[in-house]
Amino acid sequence: MKPAPFRYHRARDVEDATALLAESGDDAKVIAGGQSLVAMMNFRLARPAHLVDIAGLRELDHLGVDVDGGLHIGALTTHHTVEAAPPHQLGAGFDVIRDAMAWIGHLPIRTRGTVGGSMAHGDSTAEWCLLAVLLDAELVARSPRGRRRIPAVEFFFGYYTTALDPDEILVEIVFPRPAPHAALTEFAERRGDFAIVAAAVDLDTDGHTVKGGRVALGGVAAMPVRVPQAEAVLAAGGSFRDCADAAAAAADPPGDANGSTEYRKHLIRTLVERACEEAISR
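If you're wondering where the values come from, they're calculated on a predicted model, not measured in any experiment.

Draft legend 1. Fine view of the nonpolar core. Core analysis: the largest hydrophobic core is formed by 42 residues, its most contacted members being Leu71, Ile97, Met119, Trp128, Leu131 and Phe175. For this core, the leading source of residues is helix α8 (residues 127–134), giving 7 residues. Core analysis: the next-biggest nonpolar cluster, separate from the first, contains 28 residues, Leu217, Val233, Cys243 and Ala275 among them.

Here it is in structure tokens:
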């Protein structure tokens, strides 16, 4: 339960952090809240030779909406900051993001864990990663070469693998549009555990009529995924049950100690239909 030896660096600002990463190469890791990385280091699942601490970079701790209604979240913003944000700060149409915070671990984890840390960790069951894919988020990264914006669909590569280069850090996550009829739900053996399956939907509505939407799943593949087959059912005017059946039929989740493939398919049916019902009730 002790990490392997490493060298600790405390960044003064974003430029210093990226310079330290560039100097340290592939053997460096960024640490902020440390809710995932420290546990992995203690179990020797991660053995970075260098740790670059960015926890003191207050310029990366912000939350607010722009003039076009998009939501900007700094990488060092904690889950609890989002959970407790007043309506004017979070913006209209982003209740799904606030509500999703309740699924993340427990309160001590939410008060230390950061949005950027969750995204960069790239866990396929993580709520932030699922929300990013569902709502077409853009992830803003900085390196010694400058800034770049990465669409969420291009950011996640596989298990704990993202598009971030070794000398890049996340500085901001941008949700470009409100999602007033969206919902996220999941199932775990105990509240606060990693989800066995998570499901999220974002419905397009015309009055009380659903005319389409987006469906995304977590815990069924190496990364959070959209399900076009289920989305086609919504666009064709199918029922929420038909949408859920299509999502389960399209998925090929792995079986493991937490559940078989068929068990996960059953969870997909239940959770997608539940998320649709919650979304339309907003």
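Draft legend 2. Local environment of a nonpolar patch on the surface. Residues Met1, Phe43 and Leu45 make up a contiguous nonpolar surface patch of about 420 Å² in total accessible area. Looking at leucine 45, the relative accessible area reads 66%, which means it is exposed.

Draft legend 3. Structural context of the sheet that holds strand β10 (residues 169–175). Pairing in this open sheet of 5 strands is antiparallel, and the strands run β4-β5-β10-β6-β7 from one edge to the other. The open sheet has two free edges, formed respectively by β4 (63–65) and β7 (146–151), since each of these has just one partner strand. Sheet twist, expressed as the average angle between the axes of neighbouring strands with direction ignored, equals 20 degrees. As judged from the 3 bridges shared by β4 and strand β5 (residues 71–74), these two strands associate in the antiparallel manner. Opposite leucine 63, over in β5, you have isoleucine 73 as the bridge partner. The strands touched by helix α1 (residues 14–24) are β6 (138–143) and β10; relative to β10, the strand with the most contacts, the crossing angle is about 125 degrees.

Draft legend 4. Spotlight on the pattern of salt bridges. Under the criterion given, the structure shown has 21 salt bridges. Between arginine 10 and aspartate 53 there is a salt bridge; the shortest N-O distance is 3.3 Å. In this pair, arginine 10 is assigned in strand β1 (residues 7–10) and aspartate 53 in strand β3 (residues 50–53), connecting sequence segments 43 residues apart. For arginine 10, a relative accessible area of 53% corresponds to the exposed category. Overall, the relative accessible area of 10% leaves aspartate 53 in the buried class. Among the ionic pairs, arginine 98 bridges to aspartate 95, the shortest N-O distance being 3.3 Å. Residue arginine 98 and its partner aspartate 95 are located together in helix α5 (residues 95–100), separated by 3 residues, close to a single helical turn. Residue class for arginine 98 comes out buried when judged on its relative accessible area of 18%.

What counts and how
Residues numbered from 1 in each chain as written. Predicted model: local features only at pLDDT ≥ 70, side-chain atom pairs only at ≥ 80, totals over all residues. Heavy atoms only, no water. Core = buried A, V, L, I, M, F, W, Y, C linked by side-chain atoms within 4.5 Å. Buried < 20%, exposed > 50% of the residue type's maximum accessible area, 1.4 Å probe, protein only. Helix = DSSP H or I, 4+ residues; strand = E, 2+ residues; numbered from the N terminus. Patch = residues over 30% accessible without salt bridge, like charges linked within 9 Å, V, L, I, M, F, W, Y side chains within 5 Å. Areas by Shrake-Rupley, 256 points an atom, 1.4 Å probe, with all protein chains shown as cover. Salt bridge = Lys/Arg side-chain N within 4 Å of Asp/Glu carboxyl O. Pairing = 2+ DSSP bridges. Axes fitted to C-alpha atoms, helices over the stretch in contact; angles between N-to-C directions. Contact = heavy atoms within 4.5 Å.

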